[in-house]
Amino acid sequence: MELQQIIEEIKSRMSGPTSVSLTQLGVSYKVNYGVSIPELSTIAEIYKGNHKLALELFDQDIRECKILASMIDDPEQVTGEQIDNWAQSFTNIEIVEQVCSNLLWKTDCALSRSIEWCLGNDELLQKAGLIIVGRSASKEVKDAVFEPYIELIDNYDDQQIAQNKISIEFALRQIGKRNTELKAKVLELAQQFANSNDEHKAWIGGQLLYEFDEE
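The following refers to the structure shown. (Residues numbered from 1 in each chain as written. Predicted model: local features only at pLDDT ≥ 70, side-chain atom pairs only at ≥ 80, totals over all residues. Heavy atoms only, no water.)

**Notes on the overall build of the chain**
So, point 1. Each helix and strand counted, the chain has 14 helices and zero strands in total.
So, point 2. Written out in order from the N terminus, the α and β elements of the chain read α-α-α-α-α-α-α-α-α-α-α-α-α-α.
So, point 3. The C-alpha atoms of the chain give 18 Å as radius of gyration, which agrees with the globular expectation for 215 residues (17 Å, within 12%).
So, point 4. Principal-axis analysis of the C-alpha atoms places the extent of the chain at approximately 55 × 35 × 30 Å.
So, point 5. Accessible area of the chain: about 10,800 Å², with a carbon and sulfur share of 47%.
So, point 6. Of the side chains in the chain, 20 bear a positive and 36 a negative charge, and the two mean positions are spaced by 2 Å. (Helix = DSSP H or I, 4+ residues; strand = E, 2+ residues; numbered from the N terminus. Rg over C-alpha atoms; globule rule 2.2 N^0.38 Å. Areas by Shrake-Rupley, 256 points an atom, 1.4 Å probe, with all protein chains shown as cover. Lys, Arg positive; Asp, Glu negative; His and termini not counted. Charge placed at Lys NZ, Arg CZ, Asp CG, Glu CD.)

**A look at the side chain of Ser136**
So, point 1. Position of Ser136 among the secondary structure elements: in helix α9 (residues 123-136).
So, point 2. In this structure, Ser136 is in contact with Trp105, Leu111, Phe146 and Arg178, ignoring residues within four places of it in sequence. (Contact = heavy atoms within 4.5 Å.)

This is the structure we're talking about:
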């Protein structure tokens, strides 16, 4: 009953122009009603923590249902198997950003997946891993967990850098904010990137140097 009510609520807020705009940006779904993220957040409020409903929502081939699932699920009930299953259905940048930022980074199983994804060759999973580690940098986790990501990013090839430059900049910035030691390592890489002839590395390096200088 709740699932059907939510779908009806989504349909009542549908926006054709937004749906078309997302498609033009390469954000593709089987069904996309074009409901805005703020509107989905409003719908999600009364269902927060409903793990069973979240699983049902994510199983729907509907953009809004999948995003709502990430907004209402209880991180403490999310399993590694669920993370793996949801990750297999990542088809575009928006769903990666929403699921990882709203939910996955808050779970106990996400960091172990993130390093694996960052080391892999799947562009969307790399992005997911970088978002998760960036978000997780605010958690009470041993600093040693984050050091490998700096070296890992340093070893990315030009294509990986280009595909994930915003997520890379975010991850490095958040890691650098943890303490002075990690900040020094991030700034060392940032300086190296800033001096690169590659425009994407130079952008990342420049952004990091500027932001840390501002702080």
